[in-house]
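Chain by chain, the residues:
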Amino acid sequence: MAEENDFTVAGPLETPVVENEVQSLPYAYSCTLTPELVAKAREELQEKPEWRLRDVQALRDMVLKDYPNLRTRLDDGFLLRFLRARKFDYDKALQLLVNYHASRRSWPEVFHNLRPSTIKHVLDSGFLTVLPHPDPDGRLVLCLRPGKWRPSDYPFLDTIRAIYLTLEKLIQPEETQVNGLVILADYNGVGLAHASQLGPFLAKKVVGILQDGFPIRIKAVNIINEPRIFKGIFAIIKPFLKEKMAQRFILHGSDLNSLYQRIPSGILPEEYGGAAGKLNTADWSTTLQNSEEEFVVEFCQPDPLEGAALTDSMLFEGEPSEAQCDDSYRGVRSQLYYCY
């Protein structure tokens, strides 16, 4: 069993979400990266310690100039997440920050009143957890088990809410911002009842947020125990994946030796032939539940984009028409039945 503090990734949010004003930045940034990670960030992310605060200030100035009414955190630590996720390209980091907030407006069913207590039933079902030990590259492993979700118990959007809150917690440590994240998705038990919940427009929103609306670097998605119907599921998702991300999907089937080439057995639980004890979902659930107050500050606030003038190039577009949804849904059902 993991130690109680295995998942202590960060303390409360440094600064509440407020209308952006530089004077509301009470805490100075202090780098927590090891010398090895500083070197890694320099090589992989173009992060130069001697220019770090200059780069943060440049992004802050761009936010204040281009989106003066955007209610967002502007502290150094928060803005660094976006710079690191876009390898210190100012324009791309700014677009990512705006997309991050735009996703909340475009999908209120997911982001309204988003806090751990509202997704406790998802955590209790064993749908997701985070392995207690990182891989050899220092990357935490997010373990998803879609087969644990029963569509009759709660809606699919609740699983999206649980994943999003988990990512928010995982991205707080600087180590994750530099090393990135690995996903292990076990599709054991997934059938047509699960797959038919995922249509093209829902897939587009999920993929859009993960690729272009959240400051995290997903380095690999390892799929195991995928059923035949997974071909239909992936056919729905793949058109929205960028080529680089699509190449990071690795399908292992039931071949655990193939999985071990990507994630060593030493950090995997017994359920996957590993040596790290039984899979523990309770510790991560406790970590999120203990973070209730910080998520209330982060998500239970007015619309951060209210009053902000957005350009036509915003990533997150309006909802499709009912006719479009019906046509797409019929197509999806046909693909999924074909897989059977």
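Residues numbered from 1 in each chain as written. Predicted model: local features only at pLDDT ≥ 70, side-chain atom pairs only at ≥ 80, totals over all residues. Heavy atoms only, no water.

### Some points on the overall build of the protein
Spelled out, the test is: By the criteria applied, helices consist of DSSP H or I runs no shorter than four residues and strands consist of E runs no shorter than two, each listed in order from the N terminus. The cut-offs for exposure are 20% and 50% of the maximum accessible area for each residue type, with area from a 1.4 Å probe on protein chains only; residues under the lower value are buried, those over the upper are exposed, and the others partly exposed. Two residues qualify as a contact provided that any one of their heavy atoms is within 4.5 Å of a heavy atom in the partner residue. Note on areas: Shrake-Rupley with a 1.4 Å probe; residue coverage comes only from the protein chains shown.
Scanning the protein from terminus to terminus reveals 16 helices and five strands. Every one of the 340 residues in the protein was classed for burial, and the buried ones make up 52%. Taking all contacts inside the protein whose residues are at least 6 apart in sequence as the whole, residues at least 24 apart take part in 81%. Surface accessibility of the protein: about 15900 Å² in total, with carbon and sulfur atoms responsible for 51%.

### Observations regarding the packing of helix 2 (residues 52-66) against helix 4 (residues 90-106)
Heads up, the condition is: Comment: axis = line fitted to C-alpha atoms, over the contacting stretch for helices; angle = value between 0 and 180 degrees taken between N-to-C directions. Geometric relationships in this document are graded by angle, where less than 35 degrees denotes roughly parallel, more than 145 denotes roughly antiparallel, 65 to 115 denotes roughly perpendicular, and other angles denote oblique. Crossings are sorted by hand: turned counterclockwise from the far helix by less than a right angle, the near helix makes the crossing left-handed, and turned clockwise it makes it right-handed. Residue polarity follows a fixed list, in which Ala, Val, Leu, Ile, Met, Phe, Trp, Tyr, Cys and Pro are nonpolar, Asp, Glu, Lys and Arg are charged, and the others, Gly among them, are polar.
Viewed as axis vectors pointing N to C, helix 2 and helix 4 meet at an angle of 55°, and their least axial separation amounts to 10 Å. The angle between helix 2 and helix 4 falls in the class oblique. The two elements helix 2 and helix 4 cross, and the hand of that crossing is right-handed. Taking contact as the criterion, the partners of R54, D55, A58, L59, M62, V63 and D66 in helix 2 are, on helix 4, Y90, D91, A93, L94 and L97. Residue composition of the contact of helix 2 with helix 4, by class: eight nonpolar, no polar and four charged.

### Some thoughts on the pattern of salt bridges
Where we set the bar: Salt bridge, as used here, is a side-chain nitrogen of Lys or Arg placed within 4 Å of a carboxyl oxygen of Asp or Glu.
Inspection of the entire model under this criterion finds 17 salt bridges. In this structure, D137 and R139 form a salt bridge, with 3.5 Å as the shortest nitrogen-oxygen distance. Salt bridges here are not isolated pairs; linked through shared partners, they connect E47, R52, R84 and E174.

### Here we look at the packing of helix 7 (residues 156-170) against helix 15 (residues 292-299)
At a minimum axis distance of 12 Å, the contact between helix 7 and helix 15 shows a crossing angle of 105°. By the angle between their axes, helix 7 is roughly perpendicular relative to helix 15. The segment helix 7 lies against helix 15, with Y164, L165, E168 and K169 engaging E294, F295 and F299. Residue composition of the contact of helix 7 with helix 15, grouped by class: four nonpolar, no polar and three charged.

### Looking at the sheet that holds strand 2 (residues 140-144)
Whether parallel or antiparallel, the strands of a sheet pair through hydrogen bonds between backbone atoms. Basically, it comes down to this: Between any two strands, pairing holds if DSSP finds at least two bridges.
What the five strands build is an open sheet, ordered 1-2-3-4-5; its pairing is mixed. In this open sheet, the two strands that pair with only one neighbour each are strand 1 (128-130) and strand 5 (249-253). Direction aside, the axes of adjacent strands within the sheet are offset by 20° on average. Taken together, the six bridges between strand 3 (residues 181-186) and strand 4 (residues 218-224) define a ladder with parallel strand orientation. Paired with L184 across the two strands is N222, which belongs to strand 4.

### Re the packing of aromatic side chains
Convention followed: In this analysis, rings of Phe, Tyr and Trp, with Trp reduced to its six-membered ring, are considered paired at centre separations within 6.5 Å, and the interplanar angle assigns stacked below 30 degrees, edge-to-face beyond 60, and tilted for intermediate values. The criterion is that NZ of a Lys, or CZ of an Arg, lies within 6 Å of the ring centre and within 35 degrees of the ring normal, and then a charge sits over that ring.
Overall, the coordinates contain ten aromatic pairs when judged by the stated rule. Each ring, one from W149 and one from F156, has its centre 5.5 Å from the other, and the planes form 55°; the classification is tilted. We note that W149, like F156, is buried. By way of ring pairs, the aromatic residues F78, F82, Y100, F111, Y164 and F214 are connected into one cluster. One cation-aromatic arrangement involves R54 over W51; the distance from NZ or CZ to the ring centre is 4.6 Å.

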